[in-house]
Amino acid sequence: MKTANDILPERSQSIRSTGCSGDGSGIKCESESVSGAISQRACVYCGARVVLNPITDAFHIVHGPIGCASYTWDIRGSLSSGEEGYRNSYSTDLREKDVIFGGEKKLAAAIDEVMETHSPKVIFIYATCIVGVIGDDVDAVCRQASEKYNIKVIPVKSSGFSGTKKTGYKMACHAIMDLIEPEEAVEKVDGVNILGDFNLAGEMWIMKSYLRRIGVNVVSHFTGDATVDNLREAPKAKLNLVQCAGSMTYLAKKLEETYDIPFIKVSFFGVTDTSDSLMRIAYATGDKDVIARAKAFTQEESNRVLPLLEKYKKNLGGKKASIYVGGGFKAISLIRQFNEFGMKTVMVGSQTGSKDDYELIGNLVDEDAVILDDANPAELEKFMREKGADILVGGVKERPLAYKLGVAFCDHNHERKHPLAGYEGALNFASEINLSMNSPVWTTIGGAEDV
Amino acid sequence: MLNYTSKEVAERSALRINPAKTCQPVGAMYAALGVYGCMPHSHGSQGCCSYHRTFLTRHFKDPAIAASSSFTEGASVFGGGSNLKTAMRNIFDIYDPKIIAVHTTCLSETIGDDLNAYITDYESKIPEGKYVVHTNTPSYVGSHITGYSNMIAGFIKYLSENTGKKNGKMALIPGFVNPGDMREMKRIAKLMGVDYTMLPDTSGVMDAPMTTHYEMYPKGGTTVEEIQDLGNCEMSLALGEIACDMPADVLEKKCKVPYETLALPIGVEYTDKYIMALNEFSKTEVPYALEEERGQLMDIMLDSNQYSNGKTCAIYGDPDTVLGITQLACEIGMVPKYVITGTPGSLFEKRANAILEKFGIEGSTVKANSDLFEMHQWIKNDPVDVMIGGSYGKAIARAEDIPLVRAGFPILDRYVHSYMPIVGYKGAMRLVELILTAIMDRMDRDCADEDFEVVM
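Residues numbered from 1 in each chain as written. Chains lettered and ligands numbered in written order. Predicted model: local features only at pLDDT ≥ 70, side-chain atom pairs only at ≥ 80, totals over all residues.

Here we look at the overall build of chain A
Formally: For the purposes of this entry, the term helix denotes a DSSP run of H or I that reaches at least four residues, the term strand denotes a run of E that reaches at least two, and both are numbered from the N terminus. In this treatment the radius of gyration is a C-alpha quantity, and the globule benchmark scales as 2.2 Å times the residue count to the 0.38 power. Put simply, a residue is buried when 20 or more other C-beta atoms lie within 10 Å of its own C-beta and exposed when 12 or fewer do; between those, it is partly exposed, and each C-beta is set from the backbone. Any two residues are considered in contact once their C-beta atoms, placed from the backbone, lie within 7 Å.
Looking only at helices and strands, chain A features 18 helices and 14 strands. Scaling as 2.2 N^0.38, a compact globule of 451 residues should have a C-alpha radius of gyration of about 22 Å, and chain A matches this with 23 Å. The dimensions of chain A, computed from C-alpha atoms along their principal axes, are 65 × 65 × 45 Å. Residue burial in chain A is summarised as follows: out of 451 residues, 58% are buried. Restricting the contact set of chain A to residue pairs at least 6 apart, pairs at least 24 apart contribute 73%.

Right, dumping it as structure tokens:
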């Protein structure tokens, strides 16, 4: 039997496994997956859903057969400070007769049934794979429902096949632009919007608390712990902070075009990136007081946290890390964090990283590190073994793979149970990877070093 | 907190809220993982495959492999034939499975992809000694249980042959259950001296041991040769009427293998029936080991009956599993007040009502094609003592402060469950223990200090 040492020829362009120029320009990314590959990627619908789902008081109706609704039911890990309705699953559960005769009537009836018992401010209608194929005019149904109930009923065109997960992010951004469209001219207020944090394990709350500490007012936040009313305030802000660049840069650009709000990319993963980001935000406000407070705050927090992190270094230093996450920007933050711990990143990949991301990654890691786009489990296994990785940072599908290999694991995706953002997050992250790599269970299992 | 359910039950005809089912393809994928050296293949958009793998991984806490045709706009217009061809070539080239099991999705079904034609066209290019099978799993028909049945039937249709020479074996077709259950069914068959082939068999695949090596094709699973040889079996036993009757019927029609359909062997009576069917086949006397287990179960049921007697419960999940648990609950004197499945089909209601009638229980609500929101509304109007089902019931359990016993699929928030059986006498002991512990923990939590007892 062949071993996983073979790589699909079509895939070789998406992997950089030997030292190259380091400019990353060679890697093939932002393209469709190869048919037949065991991709770890999801689809357009998934991209749209993960971005919009955290809006806590919106109703999300999935128009299509039941699967798409059931697989995305309350799995995001986005926390809410108020409404919990978004954690239910609503769908039209299309059946054979709907596929034959069309699902428009059922969709309209489903909206009616929501409106009979609830009074949502907005309903998102996700049009999944077959909706376009069977000829449903979702736009028309949404328009009629909007008029009938005088609320926004927003279609989200998310046929799985119509691009990659990134296309879905874009569709979600269109829906958000539609949602926040102001009825009158916008009066600016001092303050920023946070884009691209989904409040997993309460991370949005951490970011907001930091900004409060340095005297920066947060106007609205996309989309972690968001409410419809709060999102509608967004055009008033003077600056946008983009945390998850992969999903939200597009929205930031739209907001800049439409409401003249400039944006900066920030990252709250790791001590260095958190401090850097807070300082850049402070400078962007141009407010001397804010700058002084930011200096003091970042200094104070670094002084508090770095000595604590130092304690982990003796356990973590010299270990080899591998990374496989959704977006390229997160991968970059993770490499920097591993550097802070004295760890070396030997393999790094993402599902949807861009050329720019991979270029930066190429500059951050050693010449012999493996960089891959849209990898499959066999590739992950091959390179983790080859490079002798001690830990993998990834999501739900990577966890059992790492454990089967006897490699430690940390979830940096929907299943994280502790916040990993900010100074607290840096400590949690160090603690988690330390626990995973140095868990007593390895002693029981034994032989893990053989890997 | 998570309490968004209103007490007033409003008629719904279009809106599904909090489903108690999912779509066909994930069932097909699970069945295909129960074949050794098999690469399940999802013929549709990439997200389907990714979601199914994630869903199975979350339940089993084990890797679930599968490939995807990765449909693009082009494929959705011109058909997915070329995607499938490329996929088959790539999969055999690089992942080198013994067999590829293709299932369709709502998309490939709706655009009318003809899988028979695609695979026939490709036949000459399938490497020597390798196989491709397929089944149609339109997501808008039935549920994941239907997809599971269809995939099993797909394997049989493509591979099983009646060579005219009987092999003396019994074919065992298990319902949609955990690898731990499949192991228990096999253990009992072995004890009964029955030579069998089980299809599918996810034990050793979805409960594979940790070895420090990643096995794309773990040791478990029915082999292709065994599936071919199913056609020479003396008879087959379908364990779970709703999931398994159809594939057993397909095997009879194709290879003239007669079959008998039983309920999933959960609880005393259904396990007895399973053992009697095995006994009839092998003529082996029931060994003391099994008699002893049954006797122990009787002993447990008697010892503890004061705590289970008269307790009301809501049972939800997959149809065969729910029917089995309903039977067991009645056997220990409980009153199943709400018995639901998300899977459509009137047979479920007929069977569930028959169980309740047999035990003289009146006033219960039984419903197929239901959902957890509806069940929650009933519970709000008239609560129960215990809920039994998968993880998605936990929001209801919390809102109504009802103890939840996790059994069935999916269980996303606990460990070990997929290794432990709920079938057979041993499985019944485990279920009884889970139910009693839930009830008695609650008594301990809620009772007054003076009623708090160390001996119960």
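A short note on the overall build of chain B
Summing up its helical and strand segments, chain B has 17 helices and 14 strands in all. Compactness check: chain B gives a C-alpha radius of gyration of 22 Å against a globular reference of 23 Å for 456 residues, within 12% of the reference. In terms of overall dimensions, chain B has C-alpha extents of about 75 × 55 × 45 Å along its principal axes. Out of the 456 residues belonging to chain B, those deemed buried represent 59%. At a minimum sequence separation of 6, the contacts of chain B that also span at least 24 residues come to 73%.

What about unusual backbone geometry?
Along the chain, Phe 222 of chain A connects to Thr 223 of chain A via a cis peptide bond; the corresponding omega equals -15°. Within the secondary structure, Thr 223 of chain A sits in strand S7 (residues 218-223). Residues Phe 409 of chain B and Pro 410 of chain B are joined by a peptide bond in cis, for which omega reads -5°. Structurally, the position occupied by Pro 410 of chain B is in the loop between strand S14 (404-406) and helix H17 (424-446). Of note in the backbone geometry, Val 416 of chain B takes a positive phi value of approximately 75° without being a glycine. Look at Val 416 of chain B and you get exposed, because 10 C-beta atoms sit within 10 Å.

Section: the domain arrangement of chain A
Residue and element names in this part refer to chain A. Going by this rule: Note that the domain bounds were set by an automatic or database domain assignment. Under the scheme applied here, ten amino acids are nonpolar (Ala, Val, Leu, Ile, Met, Phe, Trp, Tyr, Cys and Pro), four are charged (Asp, Glu, Lys and Arg), and all others, including Gly, are polar.
You can read the domains of chain A as domain 1 (9-37 + 317-416), domain 2 (44-180) and domain 3 (192-296). Of note, the centres of domain 1 and domain 2, computed from C-alpha atoms alone, are 33 Å apart. Opposite the six residues of domain 1 that make contact, domain 2 presents six residues. Its residues assigned to classes, the side of domain 1 that touches domain 2 comprises no nonpolar, three polar and three charged.

Points about the confidence of the model for chain A
We count it as follows: Every residue is assigned a pLDDT by the predictor, reflecting its confidence on a scale from 0 to 100.
Summing up the model confidence of chain A, the mean pLDDT is 90 and the portion of residues at 70 or higher is 95%. Contacts for the low-pLDDT stretch residues 18-25 of chain A, under 50 throughout, to residues beyond four places or in other chains number 13 contacts.

Description of the environment of Ala 42 of chain A
For Ala 42 of chain A, the location among the structural elements is in the loop between strand S1 (15-16) and helix H1 (44-52). For Ala 42 of chain A, a count of 27 C-beta atoms within 10 Å gives the class buried. In this structure Ala 42 of chain A touches Lys 165 of chain A together with Gln 46, Gly 47, Ser 50 and Tyr 51 of chain B, once residues within four positions along its chain are discounted.

A word on helix H1 (residues 24-33) of chain B
Burial analysis of H1 of chain B places 10 of its 10 residues in the buried class, which makes it a mostly covered element. All of the buried residues along H1 of chain B are Gln 24, Pro 25, Val 26, Gly 27, Ala 28, Met 29, Tyr 30, Ala 31, Ala 32 and Leu 33 of chain B.

Examining helix H10 (residues 241-255) of chain B
Helical geometry note: an α-helix holds 3.6 residues per turn, so side chains three or four residues apart project in the same direction. Residues and elements named next belong to chain B. Short version of the rule: To estimate the expected span of a helix, count its residues, drop one, and scale the result by 1.5 Å.
Taking 1.5 Å of rise per residue, 15 residues should cover 21 Å, and H10 covers 20 Å from first to last C-alpha, within 8% of that figure. Taken together, the buried positions of H10 are occupied by Glu 241, Ile 242, Ala 243, Cys 244, Pro 247, Ala 248, Val 250 and Leu 251. The inward-facing, buried residues of H10 abut helix H7 (144-159), strand S6 (170-174), strand S8 (235-239), strand S9 (259-262), helix H13 (319-331) and helix H14 (346-358). Immediately downstream of H10, the backbone of Lys 256 shows phi near 60°, a positive value.

Description of the sheet that holds strand S4 (residues 99-104) of chain B
What holds strands together in a sheet is hydrogen bonding between their backbones, with the strands either parallel or antiparallel. All names here are of chain B. The test is simple: Here a strand pair is declared whenever DSSP counts at least two bridges between the two strands. For helices, the axis comes from a line fit to the C-alpha atoms of the stretch in contact; other axes are also lines fit to C-alpha atoms, and the angle between any two N-to-C directions lies between 0 and 180 degrees.
Strand order in the open sheet made by the four strands is S3-S2-S4-S5, with parallel pairing throughout. Each edge of the open sheet carries a strand with a single partner, namely strand S3 (67-68) and strand S5 (131-135). In this structure, strand S2 (residues 38-43) lies alongside S4, joined through six bridges in parallel fashion. Residue Pro 40 lies in a different strand from S4, and its bridge partner there is Ala 101. Against the sheet, helix H4 (residues 81-95) touches S2, S3, S4 and S5, its axis set at about 155° to S2.

Quick notes on the sheet that holds S1 of chain A
Residue and element names in this part refer to chain A. With respect to topology, six strands assemble into an open sheet ordered S1-S12-S11-S10-S13-S14, the strand pairing being mixed. Of all the strands in the sheet, the pair left with one neighbour each is S1 and strand S14 (408-411). Pairing of strand S10 (residues 320-325) with strand S13 (residues 391-394) involves three bridges; the strand directions are parallel. Each bridged residue has a counterpart across the sheet, and for Ser 322 the counterpart in S13 is Leu 392.

Describing the interface of chain B and chain A
At the interface, 63 residues of chain B touch 68 residues of chain A. Listed by contribution, the elements that provide at least two residues to the side of chain B that touches chain A are strand S1 (16-17), helix H2 (46-60), S3, helix H3 (73-78), H4 and helix H5 (106-110) of chain B. Among the elements that take part in the side of chain B that touches chain A, H2 of chain B stands out by supplying 10 residues, more than any other. Broken down by class, the residue content of the side of chain B that touches chain A amounts to 32 nonpolar, 22 polar and nine charged. Pairing of strand S3 (residues 90-91) of chain A with S1 of chain B involves two bridges; the strand directions are antiparallel. Bridge assignment links Ser 91 of chain A to a residue of S1 of chain B, and that residue is Arg 16 of chain B.

Notes on the nonpolar core
Nonpolar side chains tend to gather and get buried jointly when the protein is soluble and globular. What counts, and what does not: Only buried Ala, Val, Leu, Ile, Met, Phe, Trp, Tyr and Cys residues enter a nonpolar core, and they are joined through C-beta atoms within 7 Å.
Ile 125, Val 156 and Ile 391 of chain A are the most contacted members of the largest nonpolar core, which has 292 residues in total. Discounting chain neighbours no more than four positions away, the residues touching Val 156 of chain A are Ala 48, Leu 52, Phe 124, Ile 125, Tyr 126, Ala 127, Met 171, Ala 172 and Ala 175 of chain A.

Side note on the packing of helix H11 (residues 271-285) of chain A against helix H13 (residues 328-340) of chain A
All names here are of chain A. Put simply, the rule is: Throughout this description, any angle smaller than 35 degrees is read as roughly parallel, any larger than 145 degrees as roughly antiparallel, any in the 65 to 115 degree range as roughly perpendicular, and the remainder as oblique.
Relative orientation of the contacting elements H11 and H13 amounts to 120°, with a least axis distance of 8 Å. Classified by the angle their axes make, H11 and H13 are oblique. Residue-level inspection shows Val 271, Thr 272 and Asp 273 of H11 in contact with H13, the latter providing Ser 333, Arg 336 and Glu 340. Considered class by class, the residues forming the contact of H11 with H13 number one nonpolar, two polar and three charged.

A closer look at the domain arrangement of chain B
Residue and element names in this part refer to chain B. When cut into domains, chain B gives domain 1 (24-159), domain 2 (170-282) and domain 3 (288-451). For domain 1 and domain 3, the distance between their C-alpha centres works out to 34 Å. On the side of domain 3, 11 residues touch domain 1, which itself brings eight residues to the contact. Residue contributions to the side of domain 1 that touches domain 3 peak at four residues, all from H2. Per-class residue counts for the side of domain 1 that touches domain 3 are three nonpolar, three polar and two charged.

Details of the pairing of S4 of chain B
Residues and elements named next belong to chain B. Counting buried positions over the six residues of S4 gives six, a clear majority of the element. Across the two faces of S4 the burial is the same, with Ile 99, Ala 101 and His 103 and Ile 100, Val 102 and Thr 104 all buried. Here five bridges tie S4 to S5, and the two strands are oriented parallel to one another. For Ala 101, the partnering residue across the bridge sits in S5 and is Val 133.

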